[in-house]
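# A look at the structure
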Amino acid sequence: MKKMILMATVLLSTLSANAQDTKTPAWINNVKLSGYGMFQYRAEDQENAEHNEFQLRLVRLALDGRASKDWYWKIQMQINGTPRLVDAFTEWQKYDFFKVKGGQFKRPFTFENPMHPITQGFMSYSQPVSKLAGFSDRTGEQASNGRDLGVQVQGDFLKNKEGRYLLHYQVGVFNGQGINVTKDGDERKDIIGGAWVMPVEGMRIGAFGWTGSRDHVSKNRYAISGEYVKNDWTFRSEYIHSQGYSVTNATLGDKADGWYALCIAPIVKNKFHVKARYDCYRNEKTWESSKTYYEIGADYSFNKNTQLFVEYALVNNRAAHKNHNLVDVQLDFRF
């Protein structure tokens, strides 16, 4: 970690010194440093596994900018826990209807996966997204924060008279092994894509598909998604279905699914919200294998860069035939 901080310091010092040189290329002046941290307290009273602890959920630093008018790039590193590179990509953005991205970045699967960990709204990503989009994936692949290495095209079509696009598409080809791997384990690529319509302002209705494999084990998934965000209200719901065996747990069947539904309501617009989420995941697509979180919470913004989140969840684990309580408090900041 010390080496990474030193490298970032040297890089920023070099860019700062170069920015004072009148001969500095224009793209260097466009480089921006950003980052965020998520400080968390969590307590659970699960039988024989009670715990409460403070931890750094995430600490990340990013550099991004434009190599030219049409080329955007970003590099992001996670520096808590095991330091690692999470994003490293460039995107050609000349046309709204056809953009090309290459490198390591979020998989184009579900509405929630590409969202920022803070702005997605809850103490963590939903169970179905975590288990079926590459965070702590059911297949047993390394934890990849929903990312992979590949190439993607995307774009927006059908602009209405107000200047708002009505249709979005995205499709990519990926290794299927997660982030920072040296090679594709079975040489077969994953194809992931989706599309959504935006019939009224703030609304998205979409569908996603994913086919591929990991270590010669086939994987097929789809998701149905809906979202409405307007006047500081947020409603979002998604269903995800997966077919394919785990390569690390031979006892699991070949099917799993999950869904969530949430609402975030403003008490003081852009300042104070209350929220609720129903989050269910079935590891073998049976009710006996289901785990459900019934969540309520609130968040408060001290300013545009600092927020406090508080949540309570009743956790129903049918496989264990037990319920337990969970309390999560997070102080998040960004710059």
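Preceding this paragraph is the structure being described.
Residues numbered from 1 in each chain as written. Predicted model: local features only at pLDDT ≥ 70, side-chain atom pairs only at ≥ 80, totals over all residues. Heavy atoms only, no water.

## Comments concerning the overall build of the chain
Within the chain, the secondary structure is distributed over three helices and 16 strands. For 335 residues, the compact-globule estimate of 2.2 N^0.38 gives 20 Å, and the chain sits close to it at 21 Å. Viewed in the frame of its principal axes, the chain has a C-alpha envelope of about 70 × 50 × 45 Å. Expressed as a percentage of its 335 residues, the buried residues of the chain come to 44%. Of the roughly 16,700 Å² of accessible surface on the chain, 60% is carried by carbon and sulfur atoms. The chain carries 43 positive and 36 negative side-chain charges, and their two centres are separated by 5 Å. (Helix = DSSP H or I, 4+ residues; strand = E, 2+ residues; numbered from the N terminus. Rg over C-alpha atoms; globule rule 2.2 N^0.38 Å. Buried < 20%, exposed > 50% of the residue type's maximum accessible area, 1.4 Å probe, protein only. Areas by Shrake-Rupley, 256 points an atom, 1.4 Å probe, with all protein chains shown as cover. Lys, Arg positive; Asp, Glu negative; His and termini not counted. Charge placed at Lys NZ, Arg CZ, Asp CG, Glu CD.)

## Some words on the nonpolar core
By size, the foremost hydrophobic cluster in this structure holds 24 residues, and its most contacted members are Phe 109, Val 129, Phe 208 and Ile 240. Looking at this core, the elements with two or more residues in it are helix H3 (127-132), strand S8 (190-197), strand S9 (203-214) and strand S12 (255-268). Among the elements that make up this core, the one with the highest residue count is S12 (four residues). Excluding its chain neighbours within four sequence positions, the residues that come into contact with Val 129 are Thr 110, Glu 112, Asn 113, Gly 134, Phe 135, Glu 238, Ile 240 and Tyr 260. (Core = buried A, V, L, I, M, F, W, Y, C linked by side-chain atoms within 4.5 Å. Contact = heavy atoms within 4.5 Å.)

## Re the pairing of strand S3 (residues 71-78)
Summarising the sheet, strand S2 (residues 51-68) and S3 pair through eight bridges and their orientation is antiparallel. When the bridges of S3 are listed, Arg 66 appears paired with Tyr 72. Between S2 and S3, which pair antiparallel and follow one another directly, the connecting turn spans two residues. Strand direction decides the pairing type here: S3 and strand S4 (residues 84-95), joined by eight bridges, are antiparallel. From the neighbouring strand, Trp 71 faces S4, where its bridge partner is Trp 92. Adjacent in sequence and paired antiparallel, S3 and S4 are bridged by five residues, among which Gly 81 carries a positive phi angle near 65°. (Pairing = 2+ DSSP bridges.)

## Quick look at the packing of aromatic side chains
Across all of its chains, the model carries 23 aromatic pairs by this definition. Between the aromatic rings of Phe 111 and Phe 208, the centroid separation amounts to 5.7 Å while the plane-to-plane angle is 85°, which identifies the pairing as edge-to-face. Of the two residues, Phe 111 sits in the loop between strand S5 (98-106) and H3 while Phe 208 sits in strand S9, which places them 97 residues apart along the sequence. Across the pair, exposure class does not vary: Phe 111 and Phe 208 are buried alike. Considering the side-chain rings of Tyr 300 and Phe 302, the 5.3 Å spacing of their centres and the 80° angle between planes classify their relative orientation as edge-to-face. Joined through ring pairs, the aromatic side chains of Trp 92, Tyr 95, Phe 97, Phe 98, Phe 157 and Tyr 169 make up one cluster. Lys 101 extends its terminal NZ or CZ atom over the ring of Phe 89, reaching a point 4.6 Å from the ring centre. (Phe/Tyr/Trp six-rings, centres within 6.5 Å; stacked < 30°, edge-to-face > 60°. Lys NZ or Arg CZ within 6 Å of the ring centre and 35° of its normal.)

## So, the state of the cysteines
This model, assessed by the stated rule, comprises zero disulfides. The cysteine Cys 263 is free of any disulfide, with Cys 280 supplying the nearest cysteine sulfur at 19 Å. (Disulfide = S-S within 2.5 Å.)

## Re the pattern of salt bridges
Between side chains of opposite charge, a pair can form as their charged atoms come close. Applying the stated criterion across every chain yields a total of 14 salt bridges. Of the charged contacts, one joins Glu 227 and Arg 236 as a salt bridge, the two residues approaching to 3.5 Å between their closest N and O atoms. (Salt bridge = Lys/Arg side-chain N within 4 Å of Asp/Glu carboxyl O.)

## Remarks on the environment of Lys 74
Position of Lys 74 among the secondary structure elements: in strand S3. A C-alpha to C-alpha distance of 29 Å links Lys 74 and Ser 237, two positions 163 residues apart in sequence. Beyond its immediate sequence surroundings of up to four residues, Lys 74 is in contact with Ala 62, Leu 63, Asp 64, Asp 87, Ala 88 and Phe 89.

## Describing the pairing of strand S14 (residues 290-303)
Pairing analysis gives eleven bridges linking strand S13 (residues 272-282) to S14, with the strands arranged antiparallel. Residue pairing across strands places His 273 opposite Asp 299, the latter belonging to S14. Looking at chain direction, S14 and strand S15 (residues 306-317) are connected through twelve bridges and run antiparallel. Opposite Ser 301, over in S15, you have Gln 307 as the bridge partner. Once S14 ends, the chain turns through two residues before running back antiparallel as S15.

## Here we look at a nonpolar patch on the surface
Side chains of Phe 39, Phe 54, Leu 56, Tyr 300, Phe 302 and Leu 331 sit close together on the surface and give an oily, nonpolar patch of about 600 Å² of accessible area. Secondary-structure elements contributing two or more residues to the nonpolar patch are S2 and S14. Take Leu 56: it is sitting in strand S2. (Patch = residues over 30% accessible without salt bridge, like charges linked within 9 Å, V, L, I, M, F, W, Y side chains within 5 Å.)

## Quick word on unusual backbone geometry
If you check the backbone angles, Asn 270 has positive phi at about 60° while not being a glycine. With respect to the secondary-structure elements, Asn 270 resides in the loop between S12 and S13. The exposure class of Asn 270 is exposed, given its relative accessible area of 55%.

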